[in-house]
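Reading the structure
Listed here are the chains, written in short residue letters.
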Amino acid sequence: MTGFHVLVLLVLLALDVVALVQVWRGPRRSDVVKWVWTIVILFVPVIGVLGWAVNWLLGKAADRLNRGSSA
């Protein structure tokens, strides 16, 4: 393995860890949803992290819209 491959693997590992921490710290998700996201992130690393990131960003945007409409 070259240094570039190791760097890519380390970045993917770091993204997996960040995603898993965010999934388990989220108070709104049920334990079943947390386990499903954990399985997806661990067994399909690139697609799982991308899916989690899109879901997380859409949730943040929805929160922002809900706060704006209730004011």
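Further up the page is the structure itself.
Okay, so let's go over this structure. Since this is a predicted model, take the numbers as computed values, not measurements.

What follows deals with the environment of Val-6. Along the chain, Val-6 falls in helix H1 (residues 3-25). Residue class for Val-6 comes out partly exposed when judged on its relative accessible area of 39%. Sequence separation between Val-6 and Val-40 is 34 residues; the distance between their C-alpha atoms is 22 Å.

A separate point is the packing of aromatic side chains. Under the counting rule described, the total for this entry stands at two aromatic pairs. Ring geometry for Trp-24 versus Trp-35: centroids 5.1 Å apart, planes at 80°, classification edge-to-face. Note that Trp-24 is positioned in helix H1 and Trp-35 in helix H2 (residues 31-43), a separation of eleven residues in sequence. On the basis of an interplanar angle of 15° and a centroid distance of 5.7 Å, the ring pair of Trp-52 and Trp-56 is categorised as stacked. In this pair, Trp-52 and Trp-56 both sit in helix H3 (residues 45-70), four residues apart, roughly one turn of the helix. Using a relative accessible area of 8% as the deciding quantity, one classes Trp-52 as buried.

A word on the side chain of Lys-34. Within the secondary structure layout, Lys-34 lies in helix H2. There is no salt bridge for the buried Lys-34, and the closest opposite charge comes from Asp-31, which lies 4.4 Å off by N-O distance. The contacts of Lys-34, once residues within four sequence positions are left out, are Val-23, Trp-24, Gly-26 and Arg-29.

Turning next to a nonpolar patch on the surface. On the surface, a cluster of nonpolar side chains totalling about 960 Å² of accessible area is made up of Val-32, Val-36, Ile-39, Val-40, Leu-42, Phe-43, Val-44, Val-46, Ile-47 and Leu-50. Elements supplying a minimum of two residues to the nonpolar patch: H2 and H3. The element best represented in the nonpolar patch is H2, accounting for six residues. On the secondary structure map, Val-36 appears in helix H2.

Quick notes on the rules
- Residues numbered from 1 in each chain as written.
- Predicted model: local features only at pLDDT ≥ 70, side-chain atom pairs only at ≥ 80, totals over all residues.
- Heavy atoms only, no water.
- Helix = DSSP H or I, 4+ residues; strand = E, 2+ residues; numbered from the N terminus.
- Buried < 20%, exposed > 50% of the residue type's maximum accessible area, 1.4 Å probe, protein only.
- Phe/Tyr/Trp six-rings, centres within 6.5 Å; stacked < 30°, edge-to-face > 60°.
- Lys, Arg positive; Asp, Glu negative; His and termini not counted.
- Salt bridge = Lys/Arg side-chain N within 4 Å of Asp/Glu carboxyl O.
- Contact = heavy atoms within 4.5 Å.
- Patch = residues over 30% accessible without salt bridge, like charges linked within 9 Å, V, L, I, M, F, W, Y side chains within 5 Å.
- Areas by Shrake-Rupley, 256 points an atom, 1.4 Å probe, with all protein chains shown as cover.

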